[in-house]
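Here's the letter readout for the chains.
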Amino acid sequence: MSLPVIQDSSATQEDPLDLMDEIDALKQERDVTILAHFYVDGEIQDIADFTGDSLKLARDATRVTTSGILFAGVHFMGESTKIMNPEKRVLIPDLQAGCSLAESCPPDQLAAFQQQLRDQGRDFHTVAYINTSAAVKSLVDWIVTSGNAREIIDRVPADKEILFVPDQHLGRYLMEVTGRKMILWPGSCMVHEVFSIQDLIRMKKRNPDSIVMAHPECPQNILELTDVIGGTEKMRQYVLQTEQPTTFLVATEGSMIHPLEKAAPQHTYIPVPGIMASSGETCACNRCPHMSLNTLQKVRDCLRNNGPEIEWKDYFATAREVLDRSLLQ
Ligand code: 13P
Ligand code: SF4
C-alpha cells in the first residue's frame, strides 16, 4: 500500500515578520526598489518603497535610483516599467499574474480590426488603457490610466475618431464625461464586472448617509448609483479630504481598503460584494486572482533568485514612445 503524499507546507508557515526582515535585507543587497499597486495584499504594500495607482507608479519608476525594480502587481505593469526603464532589471514575483482586460485584446486581433477600419476609410486614433500588453501598446497612439484618461482624450484631435481598447465600461464612461464618440473594444475586468447591484442597493438602504465610491471599470448600472467615480488614487484623495467620519461603500478590488484605512482611519469602509455568474450567489470575488498571486514569499524568492525578470523585446521601443508621450509629457 502506498502512503499518501504529504505536501511540504513549510512555505505557508513562514512568519510574515521574518519574511519582511529578509526582504528588507535582500533589497539592499540586490540594489532593488519595490513598487506595489494598491490591489496587492496590504502586507506587501507595507514593505514597498512606493505604492500607488497605475499612473503614479509608472512615474515613480522613472525616478528610481537603484539598478533594479521589483514590481508587485501584474504582468503588464512590469512590462510598462521595463519599457520606460530599459537599463534597469525589472523583477516581478509571478509571471503568471495576468489581467483579464489585457487578455481580452490580443495584438493580432487589434491589428486586424484597425486594418478593417482603415480599409473602410475611417480616420482614427487608437487609445489604449494601460491594462494592455506591450505588443498592443506598440500598435496604438495613446495610453491612458484611470488617473489621466480625460486629459489624454482631450489631446486627440477633434477631427479624428477614437478607437478605445480594451475596457468597454471605462470607454463608455469616458464617452459620457468627454462628449467624444468612441468605437469600443468589448473587454472588461473580471473583478469590476461582477459587483452585485442588489447588494449595493441593500447596503445603501442600510447606510443612508454613506458615500458610494466605484472604479470606472465598473458597468454602467453600478456607476449610476455611485457618488464618487474614480481610479484608486482619486478614491484615496477623496477620503483624505473628507474630515467628518463617513461610511464609504467601495466598489473596487478588495485590497484597496488597506490604503484607504491607512490614509483616513476615521472612516468606515465597506467593500461591495461580487456576485457569481454561475449561481447568482454573493461571493468574495472582489479580490483579483492575478494580483493575489503576489505573496511575501514570492517577493522574497524573487529577490533571492534575481527573477523572474521582464526581458526586453524589440517592439518595446515603439511602445516606449507612446508611453512617454502619454504618461510623462
Ligand atoms: P488604477 O489603480 O490606475 O485605478 O488601476 C486599476 C486597475 O485595475 C489596475 O489593474
Ligand atoms: Fe486586470 Fe481587473 Fe485584475 Fe486590474 S483588477 S489586474 S483590471 S483583472
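Residues numbered from 1 in each chain as written. Chains lettered and ligands numbered in written order. Predicted model: local features only at pLDDT ≥ 70, side-chain atom pairs only at ≥ 80, totals over all residues.

1. Description of the overall build of the protein chain
- Per the secondary structure count, the protein chain includes 15 helices and 14 strands.
- Against the globule reference of 20 Å for 329 residues, the protein chain gives a C-alpha radius of gyration of 21 Å, in line with a compact fold.
- Pairs at least 24 residues apart make up 65% of the contacts formed inside the protein chain by residues separated by at least 6 positions. (Helix = DSSP H or I, 4+ residues; strand = E, 2+ residues; numbered from the N terminus. Rg over C-alpha atoms; globule rule 2.2 N^0.38 Å. Contact = placed C-beta atoms within 7 Å.)

2. Some remarks on the nonpolar core
- Ranked by internal contacts, the top residues of the largest apolar core, which has 84 residues, are Leu-35, Leu-70, Ala-72 and Ala-251.
- Aside from chain neighbours lying at most four places away, what touches Leu-70 is Val-32, Ile-34, Leu-91, Val-299, Cys-302 and Leu-303. (Core = buried A, V, L, I, M, F, W, Y, C linked by C-beta atoms within 7 Å. Buried ≥ 20, exposed ≤ 12 C-beta atoms within 10 Å, placed from the backbone.)

3. Concerning the site of ligand 1
- Taken together, 13 residues sit near ligand 1, with Asp-53, Ser-54, Ser-146, Gly-231 and Thr-232 positioned nearest.
- Split by residue class, the shell around ligand 1 holds 4 nonpolar, 7 polar and 2 charged. (Near = placed C-beta within 6 Å. Nonpolar A, V, L, I, M, F, W, Y, C, P; charged D, E, K, R; others polar.)

4. Here's the deal with the packing of helix α4 (residues 75-84) against helix α15 (residues 316-328)
- In contact at an axis separation of 9 Å, α4 and α15 are set at 90° when each is read in the N-to-C sense. The orientation of α4 relative to α15 falls into the category roughly perpendicular. Only Phe-316, Ala-319, Arg-320, Leu-323 and Asp-324 of α15 make contact with α4, whose side of the interface consists of Ser-80, Lys-82, Ile-83 and Met-84. (Axes fitted to C-alpha atoms, helices over the stretch in contact; angles between N-to-C directions. Parallel < 35°, antiparallel > 145°, perpendicular 65-115°, else oblique.)

5. A closer look at the pairing of strand β5 (residues 124-129)
- Direction of pairing for β5 relative to strand β7 (residues 161-165): parallel, over a ladder of 5 bridges. Bridge assignment links Val-127 to a residue of β7, and that residue is Phe-164. (Pairing = 2+ DSSP bridges.)

6. Section: the site of ligand 2
- Close to ligand 2 lie 13 residues; Cys-99, Ser-100, Cys-189, Val-191 and Cys-288 are nearest.
- Among the residues making up the shell around ligand 2, the classes are represented as 9 nonpolar, 3 polar and 1 charged.

7. As for α4
- By the criterion of burial, α4 is predominantly enclosed, with 10 of the 10 residues buried.
- Burial in α4 covers these residues: His-75, Phe-76, Met-77, Gly-78, Glu-79, Ser-80, Thr-81, Lys-82, Ile-83 and Met-84.

8. Section: the sheet that holds strand β1 (residues 32-37)
- Strand order in the open sheet formed by 4 strands is β2-β1-β3-β4, with parallel pairing between adjacent strands. Two strands close off the open sheet at either side, each with one partner strand: β2 (50-52) and β4 (89-91). Taking the axes of each pair of neighbouring strands and ignoring which way they run, one obtains an average angle of 20° across the sheet.
- Both strand β3 (residues 68-72) and β4 contribute to a ladder of 3 bridges, which runs parallel. Each residue of the ladder has a partner; that of Ile-69, found in β4, is Val-90.

9. A short note on the environment of Leu-303
- Turning to its location among the elements, Leu-303 is positioned in helix α14 (residues 296-305).
- The buried category is assigned to Leu-303, around which 23 C-beta atoms lie within 10 Å.
- Leu-303 sits 237 residues away from Thr-66 along the chain, and the two C-alpha atoms are 14 Å apart.
- The contact partners of Leu-303, leaving out residues within four places of it in the chain, are Ile-23, Leu-26, Lys-27, Arg-30, Val-32 and Leu-70.

10. Some words on unusual backbone geometry
- Residue Pro-166 follows Val-165 across a cis peptide bond; omega there is -10°.
- Along the polypeptide, Pro-166 turns up in the loop between β7 and α9 (168-178).
- Cis geometry is adopted by the peptide bond preceding Pro-308, which originates at Gly-307 and carries an omega value of 5°.
- Structurally, Pro-308 is set in the loop between α14 and α15.
- Positive phi, normally seen in glycine, also occurs at Asp-31, with a value near 60°.
- Structurally, Asp-31 is set in the loop between α1 (16-30) and β1.
- The class for Asp-31 is exposed, based on 11 C-beta atoms found within 10 Å.

11. Remarks on the domain arrangement of the protein chain
- Splitting the protein chain by domain gives domain 1 (10-97 + 292-313), domain 2 (102-188) and domain 3 (192-287).
- Distance between the C-alpha centres of domain 1 and domain 2: 29 Å.
- Of all the secondary structure elements, the ones that give two or more residues to the side of domain 1 that touches domain 2 are α3 (54-61) and α4.
- For the side of domain 1 that touches domain 2, the element with the highest residue contribution is α4, accounting for 4 residues.
- Here the residues of the side of domain 1 that touches domain 2 sort into 3 nonpolar, 2 polar and 3 charged. (Domains from an automatic or database assignment.)

12. Some words on the pairing of β1
- Along β1, 6 of the 6 residues are buried, which leaves the element largely enclosed by surrounding structure.
- Here β1 shows a buried face lined by Val-32, Ile-34 and Ala-36 and a second buried face lined by Thr-33, Leu-35 and His-37.
- Note that β1 and β3 share 5 bridges and pair parallel. Looking across to β3, one finds that Ala-36 is bridged to Ala-72.
- Bridge analysis of β1 against β2 gives 3 bridges, and the strand direction is parallel. Residue Ala-36 lies in a different strand from β2, and its bridge partner there is Thr-51.
- The parallel pair β1 and β2 is bridged by helix α2 (residues 42-47), and the resulting crossover is right-handed. (Right-handed = clockwise from strand over helix to strand, strands pointing away.)

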